[in-house]
Every structure is written in structure tokens, then in C-alpha cells.
Amino acid sequence: MECLNISFLAAQTSRSLAYAQALEDAGIKIKHTLIYSDGSDGKLGQPARELRNDHRYFGDILLPRFDRNLQDIACRISEHVDEVKTSNVNDIEVVDVLNLIDTQAIIYSGYGKQIVKDSLLQLYKPIIHMHAGSLPRFRGSTTIYYEMLLTGKCGVTGIFLDNGIDTGKVIFHRLYPKPAHWIDIDHVYDPAIRADGLVRFLKSYYDKNFTVEEQENSNSTEYYVIHPLLKHIAILGSK
Amino acid sequence: MKYHYIRPDLQNNPEDYYYSGYSGAEFFEAWYEVRLPFLNLEVVNFKKWINVKSYLVSLNLEDETSVKLATELKLMFHRNPENSEYQQILNSWVRMFEVKKKLPLTAAELQLRRRDIEIGKHHAYLILALLMYKGYLDTGDYAALNCFIKLIDILISISQEILPDKLFNFLVAQEVNELRDIIKDQDILWNV
């Protein structure tokens, strides 16, 4: 596959690491990666807990390894890598770098709890976001668990970001199996299925063989961070 | 194992539940242990509006948030859950609570004496928990159930200031019943 004229906007998180490893594994090259981090966010921007995963695959889904370095993989998959010292995706320096680089679209993998603001959305490049939940039914936070609770599956929906919460136009959707109990969902399985979805979408993007569809948002529920009790039921339950 | 999600002053320093850990089925035991002291207390059936109405009258509500909650709860008891007004009420309170994980105080409420504020807040949390429970019961909406469980955590954290209160007893008992049913429906081995 030729190099895709795309930027990868990557916070220092387990999700970004999963995306980079999946692109590398699939042999997909992109024009540009921008890594942003203020350096104070600990390992991969997550709480101070050592992340570890010794398994390479679950079924045919590639699982991320945490003994790899995001910068190193970024250099392998990208023609050009930039780094900005900030934890704010809307930082003017982030916007400036993405504005100057001549790419057609941006893959988004930011920190949690941040909303992409107009300064980025108004670059008029589609921003590709892989959401862990089937849209429009499962909008919001930790929707992977709500979907497991209610359907026994894990959906991934690719969207072009807009200024709503998970309301953008749909470019990809796939259902994945519920993971085994031994897989850390937050840092391993959730990033892994999003990364798998991203690779599948990029292949269809390269072939110019994908659809862009508006969501029917009228009947969707917005979910918020799941209570640990429901999280445990989602993981242990039979559905 | 300890249930880590209840600590003093959850009202003002809320738990965000972000990236909560996984502990296996033992977690249900820890959660149940925390609820256990409040089960088997005197319970009134607050699924009936007539009982809710009497309770609300007895509170002599004055603070703006509690009065608004009580008014909207009444509407929910008198509307079909598929009614758009019902949905709007439920969704707006879910959003209001979840964004901050607590109820905001209005300027007028801040003018009240400290003691009145605390009592008003307790009432507001109790009524909001009943609203979430009703929303879940009527619609099966897990966003409402999620809110309801978080509110029970808060109410237990301030239970020494609330008790005795029949609505509190009812809410804790219903939370345990509903979750026990869900756990059973999901074929999880946990026998309580």
C-alpha cells in the first residue's frame, strides 16, 4: 500500500500505542504523526499503574504491547514525526502543526475527558475517530461496557468528528466479541478493537470504498462513566 | 476486599469512577457488605405516588433544587415514560448529575443558613435518587441506573446525617434488589 496522506494526532496513551502497533502490523504507512504530551502524565497518560500485556492476540485481534515506545513506532510508520509539549489537544501549537502539514485527514487519539474544539474542527480536514460503541445507540463514555451489558458484543464505530458528542457522520462499524476475563478492557481490549477498526477503515479509505452516513440521533442515549458495579457485571455476565 | 467508592464528604468531593479497577466476583461481596446495614429497615412503598406525595409534603421543601426535583418527579409519576416531557426530565437530570457528580447549589440556596443548606441537599439527593430509580424502572435505561447507584454511594456516605428516613431505606433496598436481579439474569454465580 502506498503511503496514506494522513496525519496521526496521538496523545501518549495506550490507545495511541495500539493504533501505531496495528498500523505497523498491517504495513500501513502514513505521512505524518504528531505526538503531544506535557511529560507529566506518567506512563501512557494513564493512572500510575504499570501496564502489562503478555498476549499477542485475542482471536485475530492484535493486542497492544506496552514494552514498545510510541515515538519509535511512529518513526517506523510515518514519513515525518512532530512532538508538541502539551496535554491539551486544542493547544495553538497542535493546531498550527496540523494546519501547516499538507495532509487530507487526521486520525484522532487524544486523552480522555477532552473535547476537540472548533480550532481543530475548522481546519477543514476530516478528523477520524474510532468510538468504542455502536452508534447512535451507545454515545458517550465507557460505552464498551454498556454495550457488553445490553448486547453481549463490543461495537466500534468510525466517525468524522463534529462538535457534538459522538454525533459525527459514520464511516465504519463492526461488532467484536466480548473479551475473555483475563484481558484488561480499558487499556488493552478497548484500544485493540478500535485499532483493528481503524486498520480496516484505512484499507477501505485507500481503496476509496467506504460510505459516509449521517446518524439518526433522535433516540440515542448519552452514557457517562460506568459505575464499577455495572462494570463488573458487564465483564462477568453471560450476555 | 474493601469497597473503595464510599468515603466521607462524597457530596462535595465526588468520586469520578474513572478507570475503576476490576476485582472479579468478590467485588459484589464488598459492595453488598456496605449496603447490608441498611437492609431490613422499615420500608414504605415509594413506587406509589400517594406515598411519595405524603413524604414530600412532610419534608416541607424550601430549597430551589429540591422543589424543582419534586415537581418534575410528580410529572414523571403522571406521564407515560414514552412521553417526550418524561424523557427530557430524566435525561436532563442524568446530565446535570453526571457532569459534576453532584448537585449544584443555586445562589439563593447559598444565602440560606448552613444547616438548612445541608438538609436541603440531603433532600435533593434523596429525591434525585428516587427520580433515577423510577426512570430506570419505567424505561430500563442503564444511564439512569448508573446514576442511581452513584447516588446510593453518596447517600450511604452521608447516612449518619440522614437516618432515620424511610425513603433512604426504600432506595437502598431497591438498589440491591434490582442489581441482584441483573446479576442473576447475567448468570453470574453470586448467591445472596
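A short tour of the structure in this document, coming up. (Residues numbered from 1 in each chain as written. Chains lettered and ligands numbered in written order. Predicted model: local features only at pLDDT ≥ 70, side-chain atom pairs only at ≥ 80, totals over all residues. Heavy atoms only, no water.)

### Quick word on the overall build of chain A
1) Next: Counting its secondary structure elements, chain A contains seven helices and eleven strands.
2) Next: For 239 residues, the compact-globule estimate of 2.2 N^0.38 gives 18 Å, and the C-alpha radius of gyration of chain A, at 17 Å, lies within 12% of that figure.
3) Next: Dimensions of chain A, computed from C-alpha atoms along their principal axes, come out at roughly 50 × 40 × 35 Å.
4) Next: Taking all 239 residues of chain A together, 59% fall into the buried category.
5) Next: Considering only contacts within chain A whose residues lie at least 6 apart along the sequence, 75% involve residues at least 24 apart.
6) Next: Surface accessibility of chain A: about 10200 Å² in total, with carbon and sulfur atoms responsible for 46%.
7) Next: The average position of the 26 basic charges and that of the 30 acidic charges among the side chains of chain A differ by 6 Å. (Helix = DSSP H or I, 4+ residues; strand = E, 2+ residues; numbered from the N terminus. Rg over C-alpha atoms; globule rule 2.2 N^0.38 Å. Buried < 20%, exposed > 50% of the residue type's maximum accessible area, 1.4 Å probe, protein only. Contact = heavy atoms within 4.5 Å. Areas by Shrake-Rupley, 256 points an atom, 1.4 Å probe, with all protein chains shown as cover. Lys, Arg positive; Asp, Glu negative; His and termini not counted. Charge placed at Lys NZ, Arg CZ, Asp CG, Glu CD.)

### Focus: the pattern of salt bridges
All names here are of chain A.
1) Next: By the definition in use, this model includes 17 salt bridges over all chains.
2) Next: A salt bridge links Arg65 to Asp67; the shortest N-O distance between them is 3.2 Å.
3) Next: The residue Arg194 makes a salt bridge to Asp190 at a minimum N-O spacing of 2.6 Å. Separated by four residues within a single helix, Arg194 and Asp190 lie in helix α6 (residues 185-206), roughly one turn from each other. Asp190 carries the same exposure label as Arg194, and that label is buried.
4) Next: Each of the salt bridges in this network shares a partner with another, and the network as a whole consists of Glu24, Arg68 and Arg76. (Salt bridge = Lys/Arg side-chain N within 4 Å of Asp/Glu carboxyl O.)

### Some words on unusual backbone geometry
1) Next: Cis geometry marks the peptide bond from Leu135 of chain A to Pro136 of chain A; its omega dihedral reads 10 degrees.
2) Next: Summarising the element assignment, Pro136 of chain A is placed in the loop between β7 (127-131) and β8 (138-140).
3) Next: Residue Leu163 of chain B is joined to Pro164 of chain B through a cis peptide bond whose omega torsion reads -5 degrees.
4) Next: By the element assignment, Pro164 of chain B lies in the loop between α8 (159-162) and α9 (166-185).
5) Next: The backbone of Tyr19 of chain B shows a phi angle near 50 degrees, a positive value even though the residue is not glycine.
6) Next: Positive phi values are uncommon outside glycine, yet Asp187 of chain B reaches one of about 60 degrees.
7) Next: Among the structural elements, Asp187 of chain B can be located in the segment after α9.

### Quick look at the nonpolar core
1) Next: The biggest cluster of nonpolar side chains holds 130 residues, and the ones touching the most others in it are Tyr189 of chain A together with Met132, Leu155 and Leu171 of chain B.
2) Next: Among the elements that line this core, the one with the most residues is helix α7 (residues 142-157) of chain B, at twelve residues.
3) Next: One finds Ala11, Val89, Leu98 and Leu121 of chain A within the second-largest nonpolar core, a separate group that totals 22 residues. (Core = buried A, V, L, I, M, F, W, Y, C linked by side-chain atoms within 4.5 Å.)

### Notes on the interface of chain B and chain A
1) Next: With 34 residues of chain B at the interface, the matching set in chain A holds 28 residues.
2) Next: Interface area lost by chain B to chain A is led by Tyr19, Tyr22 and Gln186 of chain B, which between them contribute 27%.
3) Next: One salt bridge connects Lys113 of chain A with Asp16 of chain B, and the closest N-O pair in it is separated by 3.3 Å.
4) Next: For the interface between chain B and chain A, the tally reads twelve residue pairs in polar contact (both at pLDDT 80 or more).
5) Next: Those elements that place two or more of their residues in the side of chain B that touches chain A are α1 (26-35), α4 (84-100), α7 and α9 of chain B.
6) Next: With seven residues, the top contributor of residues to the side of chain B that touches chain A is α7 of chain B.
7) Next: For the side of chain B that touches chain A, a count of residues per class yields 20 nonpolar, six polar and eight charged. (Buried area = accessible area lost by both parts, 1.4 Å probe. Polar contact = N/O pair within 3.5 Å; in protein donor to acceptor, adjacent residues only side chain to side chain. Nonpolar A, V, L, I, M, F, W, Y, C, P; charged D, E, K, R; others polar.)

### Digging into the environment of Ala11 of chain A
Residues and elements named next belong to chain A.
1) Next: By secondary structure assignment, the location of Ala11 is in strand β1 (residues 4-11).
2) Next: Since its relative accessible area comes to 0%, Ala11 is described here as buried.
3) Next: Ala11 sits 76 residues away from Ser87 along the chain, and the two C-alpha atoms are 7.5 Å apart.

### Brief notes about the side chain of Thr86 of chain A
Residue and element names in this part refer to chain A.
1) Next: Position of Thr86 among the secondary structure elements: in the loop between β5 (78-84) and α3 (92-100).
2) Next: The exposure class of Thr86 is buried, given its relative accessible area of 7%.
3) Next: In terms of polar contacts, Thr86 uses its side chain to reach the side chain of Asp91, at 3.2 Å.
4) Next: Excluding residues that lie within four positions of it along the chain, Thr86 makes contacts with Tyr36, Ser37, Asp38, Asp91 and Val94.

### So, the packing of aromatic side chains
1) Next: Under the counting rule described, the total for this entry stands at 22 aromatic pairs over all chains.
2) Next: When the centroid spacing of 5.8 Å and the interplanar angle of 20 degrees are considered together, the rings of Phe138 of chain A and Tyr223 of chain A count as stacked. On the criterion of sequence distance, the pair formed by Phe138 of chain A in strand β8 and Tyr223 of chain A in strand β11 (residues 221-223) is long-range, its members being 85 residues apart. Per residue, the accessibility class of Phe138 of chain A equals that of Tyr223 of chain A, and both read buried.
3) Next: Ring plane angle 45 degrees and centroid distance 5.3 Å describe the contact between Trp49 of chain B and Phe77 of chain B, whose orientation is recorded as tilted. One end of the pair, Trp49 of chain B, is in helix α2 (residues 49-59); the other, Phe77 of chain B, is in helix α3 (residues 64-78), and 28 residues separate them in sequence. The residues Trp49 of chain B and Phe77 of chain B share a single accessibility class, namely buried.
4) Next: The ring of Phe77 of chain B has Lys134 of chain B sitting right over it, with the charged end atom 4.3 Å from the ring centre. (Phe/Tyr/Trp six-rings, centres within 6.5 Å; stacked < 30°, edge-to-face > 60°. Lys NZ or Arg CZ within 6 Å of the ring centre and 35° of its normal.)

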